[in-house]
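The residues making up each chain are set out below.
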Amino acid sequence: MKRILLFLGTNLAVVLVLGIVMNIVFSALGISTQSMGGLLIFCAIFGFGGSIISLLISKWMAKRSTGAQVITTPRNQTEAWLVDTVARQAKAAGIGMPEVAIYNAPDMNAFATGAKRDDALVAVSTGLLDNMTRDEVEAVLAHEVSHIANGDMVTLTLIQGVVNTFVMFLARIIANVISSAMSNNNENGQGMGTFAYIGTVFVLEMVFGILASIIVMWFSRQREYRADEGSAKLVGKDKMINALQRLGGSREPEMEGSMMAFGINGKRAMSELFLSHPPLEKRIAALRAR
């Protein structure tokens, strides 16, 4: 619950700050959101702004929400092995050395995040360290390093920004048409039109947001296949297959939000269309077919 509240609170703060800044800037520049161009600019700033700010603070958010402790000076053999393994893989993948952290959670998972390829974070759960062999942990680390090397965090942020922009834009265009029609056909006029506009925007953003998430989740699943392949190149596909098979018997992951998108293991959903990760059996089959 603490992680969820922190995630929601941060996003609310981002929206409020963007709203205040945009009102000031739009007033100074004389831009009106009543025009098509002004509305598109408004939606683009909100759509990309929230995603980009979330990316920029992703490392801080991840550490705060999971309680991840960055390994600065290894205190035992396990921590020393983790740092050495990530350093070796990062060098082989051609990226800067990420921060390496451990967070306390019973589920077997790990995630990578960060706005830059050369300044990222790789974190693993205590549950993963306790229940996997070193070869399997090595494969999971290589999967997360591959996410960083592929630039998946930035790409997913840009895709989410585009999707957010068009969800907001289309919802407001359609809502404006409906509210105008209701204003013209109702004696209450402006008041009824305003009420209809706000309500329609709310409903359409939810509907379009659900449909748009299918696009985002599709890309998310593709980058999981790429990260699995990257891990296979770094440590061998047998190690990655064994790690995925081990995950098949694990409990439901506890991570939320953007961290879940970059974890090694994703949550289940009613339809594969809404999964951030492909089913484990499909990931294993794809590796075996390499």
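Predicted, not measured: the structure shown is a model, and the values here were computed from it.

Student: Quick question: what am I supposed to make of the environment of Gln 245 here?
Tutor: Position of Gln 245 among the secondary structure elements: in helix H9 (residues 237–247). In this structure Gln 245 comes out as partly exposed when scored by relative accessible area, which is 39%. Each C-alpha atom, one on Gln 245 and one on Arg 283, is 9.9 Å from the other, the two residues being 38 residues apart in sequence. Setting aside its immediate chain neighbours within four residues, Gln 245 contacts Ile 284 and Arg 288.

Student: Where do I start with the pattern of salt bridges in this structure?
Tutor: For side chains bearing opposite charge, pairing can occur when the charged atoms are close. Following the criterion strictly, the structure yields 14 salt bridges and no others. A salt bridge links Asp 119 to Lys 59, with the shortest nitrogen-to-oxygen separation between them at 3.0 Å. With Asp 119 in strand S4 (residues 119–125) and Lys 59 in helix H3 (residues 58–66), this residue pair connects regions lying 60 residues apart in the sequence. Taking relative accessible area as the criterion, Asp 119 reaches 39% and is therefore assigned partly exposed. Relative accessible area serves as the criterion here: at 14%, Lys 59 is assigned to the buried category. Glu 224 is the salt-bridge partner of Arg 223, the closest N and O atoms lying 2.6 Å from each other. Summarising the burial analysis for this pair, Arg 223 and Glu 224 share the class buried. Salt bridges sharing partners connect three or more residues here, namely Lys 59, Lys 63, Glu 99 and Asp 119.

Student: Looking at this model, I keep getting lost on the sheet that holds strand S2 (residues 99–103). Mind explaining?
Tutor: Within a sheet, neighbouring strands are paired by backbone hydrogen bonds and run either parallel or antiparallel to one another. Across the sheet, which stays open at both edges, the four strands sit in the order S1-S2-S4-S3 with mixed pairing between neighbours. Only two strands of the sheet have a single partner each, and these edge strands are strand S1 (69–70) and strand S3 (110–116). Pairing analysis gives five bridges linking S3 to S4, with the strands arranged antiparallel. Within the sheet, the bridge partner assigned to Ala 110 lies in S4 and is Val 124. Where helix H4 (residues 77–93) meets the sheet, its contacts fall on S2 and S4, and the angle it forms with S2 comes to roughly 140°.

Student: Before we go on, may I ask you to explain H4 in this structure?
Tutor: Spacing of three or four residues puts side chains on the same side of an α-helix, whose turn is 3.6 residues. The first and last C-alpha atoms of H4 sit 24 Å apart over 17 residues, in line with the 24 Å expected at 1.5 Å per residue. Taken as a whole, H4 has its buried residues at Glu 79, Trp 81, Leu 82, Val 83, Thr 85, Val 86, Gln 89 and Ala 90. The backbone nitrogen of Thr 78 has a side-chain oxygen 3.1 Å away, supplied by the residue at the start of H4, namely Asn 76. Positive phi shows up at Gly 94, right after H4, with a value of about 80°.

Student: In this structure, what is going on with the side chain of Ser 276? I would like to understand it.
Tutor: Mapped onto the elements of the fold, Ser 276 is located in the loop between helix H10 (257–261) and helix H11 (280–288). In terms of polar contacts, Ser 276 uses its side chain to reach the side chain of His 277, at 2.8 Å.

Rules and cut-offs
Residues numbered from 1 in each chain as written. Predicted model: local features only at pLDDT ≥ 70, side-chain atom pairs only at ≥ 80, totals over all residues. Heavy atoms only, no water. Helix = DSSP H or I, 4+ residues; strand = E, 2+ residues; numbered from the N terminus. Buried < 20%, exposed > 50% of the residue type's maximum accessible area, 1.4 Å probe, protein only. Contact = heavy atoms within 4.5 Å. Salt bridge = Lys/Arg side-chain N within 4 Å of Asp/Glu carboxyl O. Pairing = 2+ DSSP bridges. Axes fitted to C-alpha atoms, helices over the stretch in contact; angles between N-to-C directions. Expected span 1.5 Å × (residues − 1). Polar contact = N/O pair within 3.5 Å; in protein donor to acceptor, adjacent residues only side chain to side chain.

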